[in-house]
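Listed below, chain by chain, are the residues.
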Amino acid sequence: MDQPQAAARDALHAVASRKAVLHLLPLLCLAYFMAFVDRTNVGLAKSSLETDVGIGAAAYGLGAGIFFLSYALLEVPSNLIMHRVGPRAWITRIAITWGALTTAMMFVQGETSFYVVRFLLGAAEAGLFPALMYIITVWFAQSQRATMVGLLYLAVCAGLTLGGPLGGALMELAGASGLHGWQWMFLIEGSFTILVGLAVWRWLPNKPSDARWLTPEEAAVLEERAATRGAPAHTTLRGNVRVAFGRPFILALAAVYFANQVASVAIQYNFPSIVESIDISRPFLVGLVSGSVGIGALLGVLLIPAVQRRVRDEVRVIVWCSIGTAATSVAYVLATAPVLRISLIVLAMFFLIGVLPIYWSVATARMSGLMAAAGLAFINTLGLLGGFLGPYLYGWAEGAWGAGTSAWIVLVGFSALGVLLIPLLQGTVRAEDRATAAGRHEPATDPAASATPGGRPP
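Every residue gets a number counted from 1 within its own chain, in the order that chain's sequence is written. It should be noted that, the model being predicted, local features are given only for residues of pLDDT at least 70 and side-chain atom pairs only at 80 or more, the latter also being counted only at that level, while totals for whole chains, interfaces and linings use all residues. For side-chain calculations, the full set of non-hydrogen atoms in the structure is used, while hydrogens and water are omitted.

Caption draft 1: Representation of the side chain of Thr 102 within the structure. What counts as a helix is a DSSP run of H or I of at least four residues, what counts as a strand is a run of E of at least two, and both are numbered from the N terminus. Tracing the sequence through the fold places Thr 102 in helix 4 (residues 87-104). What makes two residues a contact is simply this: any of their non-hydrogen atoms within 4.5 Å. Sequence-distant contacts of Thr 102, defined by excluding residues within four places in its chain, comprise Asp 38, Leu 121, Phe 186 and Gly 190.

Now the structure itself:
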């Protein structure tokens, strides 16, 4: 292709990408925002659940974390179904069922019903996040993916920033129609999520060629540029389980992500109670102050991918963020002033959330097709197990020894683990890229599969 033709293709791709961003990202972000709000609003209800239905700290920690256990068990099967039926139908199903179960949280009467509904909620939502990541691999070139994932994580930041005040405001409805405030919160937020699921069915295309708002030429250039050259391109898991789940860089990245999620989710689910400990009692004010962690997360997803684009070394950025998280966690547990401790939690979320687009950029650069659907779900499964362990371990240690010990075990311990795992990640990513450059990936075992030789994706 000569230079004028290449320039014309680049211009066409830029136009098509802008259309994709404008049409897809608001809908994907809305779905993920509601998932995040529905997942974490239970933190606002922690004290009320103890008062109204007798759910103590340890039971709360188990119930908060058990969501992630069922989510993890069904994550890979869910994403394989998504690959077969298409993201549109599957994300619609996910949103409607998790919205209905969020609403069902208003009927919780004790520990057992709390555990059951939280377990079912995790099962319903399983597969959502890797499905969103898969959509990004189908629509966007590798050079755009860290930015796209960063934009998607704006939904997390919005959930952290707005979810708390929104949930707190809904809890101010306590007493209306004889319902507790937390019942109103679950009812309204769950019902809105069902509407989001219907919007996904109406407006989300499965792939560029299905989009009515793209020309055929624009759809073709998006699909061409989204192809991950050099990544294994098998179309069946039979005989390719190691390629999907067992490549060393996948295991190392999943382990680093696990450590990140233990610390991050423990903060998200327990920050409202930390705020209450500094004599803030009104639900709206608790939610408002709790939302401050979203400010740190927002700055992280805006600034850290920008740093990565400048230094062009994903693993180095992960190293810096891991060290920053560990240092901030140590400072938090040593600090005594309430305002300083809250500020340090905000800073910790800057690193913990801001680095996430870089993790997924490392993964999507080395996966495509069915292997991407399976591998991304596997990595997220390990993260979900961390999400289960974080709140449970924090609640157990808080009940046994107090909040100070919880912070040491969860925040400092797992932040330090993340730092210790970085050399393993560095080595395995380099080995994966050398294998790709040398064309040493195993060939597809089925006639329909095709592997494109070549070096590391641009």
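After that view of the structure, there is still more to cover.
Caption draft 2: How the structure looks around the nonpolar core. As used in this record, nonpolar core signifies buried Ala, Val, Leu, Ile, Met, Phe, Trp, Tyr and Cys residues forming a set joined through side-chain atoms within 4.5 Å. Each residue is assigned to one of three classes by its accessible area relative to the maximum for its type, calculated with a 1.4 Å probe on protein chains only: buried under 20%, partly exposed between the two thresholds, exposed over 50%. One finds Tyr 32, Trp 139, Tyr 153 and Trp 360 to be the most contacted residues of the largest nonpolar core, which totals 147 residues. The biggest single contributor to this core is helix 12 (residues 248-276), with 17 residues. Apart from the residues within four sequence positions on either side, Trp 360 is in contact with Phe 129, Met 133, Val 149, Tyr 153, Tyr 257, Leu 376, Ile 379 and Asn 380.

Caption draft 3: Layout of the pattern of salt bridges. Salt bridges, as used here, are contacts in which a Lys or Arg side-chain nitrogen is within 4 Å of a carboxyl oxygen on Asp or Glu. Taken as a whole and assessed by the stated rule, the structure comprises nine salt bridges. The salt bridge partner of Lys 19 is Glu 218, with a shortest N-O separation of 3.0 Å. You can see Lys 19 sitting in helix 1 (residues 3-40) and its partner Glu 218 sitting in helix 10 (residues 216-226), a full 199 residues away along the chain. With a relative accessible area of 25%, Lys 19 lands in the partly exposed category. Note that Lys 207 is salt-bridged to Asp 210, the shortest N-O span being 3.3 Å. When its relative accessible area of 37% is taken as the criterion, Lys 207 is described as partly exposed.

Caption draft 4: How the structure looks around unusual backbone geometry. Although it is not a glycine, Ser 177 sits at a positive phi angle of roughly 55 degrees. Inspection of the secondary structure assignment puts Ser 177 in the loop between helix 8 (154-171) and helix 9 (181-203). Residue classification places Ser 177 among the exposed positions, given a relative accessible area of 68%.

Caption draft 5: Focus on the packing of helix 4 against helix 9. It is at 7 Å that the axes of helix 4 and helix 9 come closest, and there the two elements cross at 170 degrees. Accordingly, the angle class assigned to the pair helix 4 and helix 9 is roughly antiparallel. For the pair helix 4 and helix 9, the contacting residues are Arg 88, Ala 89, Ile 91, Thr 92, Ala 95, Ile 96, Trp 98, Gly 99, Ala 100, Thr 102 and Thr 103 in the first and Phe 186, Leu 187, Gly 190, Ser 191, Thr 193, Ile 194, Gly 197, Leu 198, Val 200 and Trp 201 in the second. When its residues are assigned to classes, the contact of helix 4 with helix 9 shows twelve nonpolar, eight polar and one charged. As a rule, the C-alpha atoms of each element are fitted with a line to give its axis, helices using only the stretch in contact, and angles between N-to-C directions run from 0 to 180 degrees. Should an angle fall under 35 degrees it is called roughly parallel, over 145 degrees roughly antiparallel, and 65 to 115 degrees roughly perpendicular, with every other angle called oblique. Under the scheme applied here, ten amino acids are nonpolar (Ala, Val, Leu, Ile, Met, Phe, Trp, Tyr, Cys and Pro), four are charged (Asp, Glu, Lys and Arg), and all others, including Gly, are polar.

Caption draft 6: View of the packing of aromatic side chains. Stacked, tilted and edge-to-face are the three classes assigned to paired rings of Phe, Tyr and Trp, where Trp is represented by its six-membered ring and a pair needs centres within 6.5 Å; plane angles under 30 degrees give stacked, over 60 edge-to-face, the rest tilted. What the rule picks out here adds up to twelve aromatic pairs. Here the aromatic rings of Trp 182 and Phe 186 are separated by 6.3 Å at their centres, their planes lie at 75 degrees, and the arrangement is edge-to-face. With a gap of four residues between them, Trp 182 and Phe 186 both fall in helix 9, about one helical turn apart. Judged by its relative accessible area of 1%, Trp 182 falls in the buried class. When the centroid spacing of 5.3 Å and the interplanar angle of 75 degrees are considered together, the rings of Tyr 257 and Trp 360 count as edge-to-face. Of the two residues, Tyr 257 is situated in helix 12 and Trp 360 in helix 17 (residues 356-364); the sequence distance between them amounts to 103 residues. Owing to a relative accessible area of 4%, Tyr 257 belongs among the buried residues under this scheme. For Trp 360, a relative accessible area of 1% gives the class buried. Looking at Arg 93, its charged tip hangs above the ring of Trp 90, at a distance of 4.3 Å from the centre. Only lysine NZ and arginine CZ atoms are considered, and such an atom sits over a ring when it is within 6 Å of the ring centre and within 35 degrees of the ring normal. Lying over the aromatic face of Tyr 332, Arg 341 brings its terminal NZ or CZ to 4.2 Å of the ring centre.

Caption draft 7: Expanded view of the environment of Pro 391. Structurally, Pro 391 is set in helix 18 (residues 369-401). Using a relative accessible area of 1% as the deciding quantity, one classes Pro 391 as buried. When neighbours within four sequence positions are excluded, Pro 391 is seen to be in contact with Gly 61, Ala 64, Gly 65, Val 265, Ala 266, Tyr 269 and Asn 270.

Caption draft 8: Here's a closer look at the packing of helix 8 against helix 14 (residues 293-311). Interaxial distance between helix 8 and helix 14 falls to 7 Å at its minimum, and their mutual angle equals 165 degrees. Viewed along their axes, helix 8 and helix 14 adopt a mutual orientation that is roughly antiparallel. At the point where helix 8 passes helix 14, the crossing takes the left-handed sense. Contacts from Leu 154, Cys 157, Leu 160 and Thr 161 of helix 8 reach helix 14 at Val 293, Gly 294, Ile 295, Ala 297, Leu 298, Val 301 and Leu 302. By residue class, the composition of the contact of helix 8 with helix 14 is nine nonpolar, two polar and no charged. Left-handed describes a crossing whose near helix is turned anticlockwise from the far helix by less than a right angle; the clockwise case is right-handed.

These figures come from the coordinates and say nothing about function on their own.
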